[in-house]
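Structural characterization, general
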Amino acid sequence: MSFDMNTVKETMENLEKNNMKSYFCETSKQAVELVESLLSRGETITCGGSMSLKESGVFALMQSGKYNFINRETCEDVEAVYRAAFTCDTYLMSTNALTRDGVLYNVDGNSNRVAALLYGPKSVIVVCGVNKICENIDEAIMRVKTVSAPLNTKRLHTGAYCESMERCKSLNADNPFMCDGCSGSGRICCNYVVSAKQRHKDRIKVVIVGENLGY
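Residues numbered from 1 in each chain as written. Predicted model: local features only at pLDDT ≥ 70, side-chain atom pairs only at ≥ 80, totals over all residues. Heavy atoms only, no water.

Because side chains alternate across strand 2 (residues 44-47), one face comprises the buried residues Thr44 and Thr46, and the other comprises Ile45 and Cys47, equally buried. Inspection of the sheet shows strand 2 paired to strand 3 (residues 68-69) by two bridges, in the parallel sense. Its bridge partner lying in strand 3, threonine 44 is registered against asparagine 68. Taken together, the three bridges between strand 2 and strand 4 (residues 90-93) define a ladder with parallel strand orientation. Bridged to isoleucine 45 within strand 4 is threonine 90. (Buried < 20%, exposed > 50% of the residue type's maximum accessible area, 1.4 Å probe, protein only. Helix = DSSP H or I, 4+ residues; strand = E, 2+ residues; numbered from the N terminus. Pairing = 2+ DSSP bridges.)

Structure (structure tokens):
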């Protein structure tokens, strides 16, 4: 795919200003190699539900046996996995959007993913395709309402409004607010997290990949 490298560089510079370590990999293969270099053999790791991790090959690395991988997909007690994330060495995830001014924007339903992003794991690695870079927070909000949420509700079959309509119900209004949406039990947009300047420098590491990855 084609993308603007100047935009990527600006985004990386602003991530660094916000105390988040930034990396760029042209391919998923390079991203897997980089993530492996950021992990220590035997350390305890886990992750949120992420198509980006699976599409890039990072999830396969996590399953390789090199790490103590707490895998919610093979664990009967998912709640225990959610809680274990807070004491793991490294938490891996993607992001719903990344703005040019170095801000992560994430919207969750269960919110185990954003909870671990905010606090607990010693290190957080975010793998993000260039398709998720947005001009600003307003564009990031619209990305979730028109791309991330609809595709994830289809993947999870939650029955939310956006699963069938392919856009957030709030967009029917003249001035939809960030948190506006449907009121159904299948809604996956419950907690909205903007990660800006970080107090703990380089705890969050953002790996930007020059490919389309995830939603």
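Having seen it, we continue.
Our focus in this paragraph is the nonpolar core. Counting residues in hydrophobic clusters, the biggest one holds 22 residues, and the most contacted among them are Val35, Leu53, Val58, Met62, Leu92, Val127 and Val207. Listed by contribution, the elements that provide at least two residues to this core are strand 1 (21-25), helix 2 (28-38), strand 2, helix 4 (58-62), strand 7 (123-129) and strand 10 (204-209). In this view, valine 127 contacts Val35, Ser52, Leu53, Ser56, Val58, Met93, Ser94, Thr95, Val207, Val209 and Leu213; residues no more than four positions away in its chain are not counted. Residues Ala85, Cys88, Ala116 and Ile204 belong to the second largest nonpolar core, which totals 20 residues. (Core = buried A, V, L, I, M, F, W, Y, C linked by side-chain atoms within 4.5 Å. Contact = heavy atoms within 4.5 Å.)

Strand order in the open sheet formed by four strands is 8-5-6-9, with mixed pairing between adjacent strands. Strands at the two margins of the open sheet, each flanked by one partner only, are strand 8 (133-134) and strand 9 (191-195). Here strand 5 (residues 97-99) runs beside strand 8; their pairing, made up of two bridges, is parallel. The residue of strand 8 that forms the bridge with threonine 99 is cysteine 134.

You will see that serine 111, though not glycine, has its phi angle at about 75 degrees, which is positive. Relative to the elements of secondary structure, serine 111 occurs in the loop between strand 6 (104-108) and helix 6 (112-118). When its relative accessible area of 11% is taken as the criterion, serine 111 is described as buried. Although it is not a glycine, aspartate 202 adopts a positive phi angle of roughly 65 degrees. You can see aspartate 202 is positioned in the loop between strand 9 and strand 10.

Take the pattern of salt bridges next. Applying the stated criterion across every chain yields a total of eight salt bridges. One salt bridge in this structure joins arginine 100 and glutamate 135, with 3.3 Å as the shortest N-O distance. Taken as a pair, arginine 100 in the loop between strand 5 and strand 6 and glutamate 135 in the loop between strand 8 and helix 7 (137-156) lie far apart in primary sequence, 35 residues in all. Arginine 100 gets classed as partly exposed once you look at its relative accessible area, which sits at 21%. Note on glutamate 135: relative accessible area 42%, which makes it partly exposed. Among the charged side chains, a salt-bridge network with shared partners connects Glu10, Arg100 and Glu135. (Salt bridge = Lys/Arg side-chain N within 4 Å of Asp/Glu carboxyl O.)

Along helix 2, the residues classified as buried are Ser28, Ala31, Val32, Leu34 and Val35. The arc that holds the buried residues of helix 2, viewed along the axis, is 165 degrees, so those residues lie on one side. Every exposed residue of helix 2 that faces more than 90 degrees away from the buried side is listed here: Lys29 and Ser37. Looking at the packing, one finds that the buried side of helix 2 touches strand 1, helix 3 (51-56), helix 4, strand 4, strand 7 and strand 10. (Arc of directions from axis to C-beta.)

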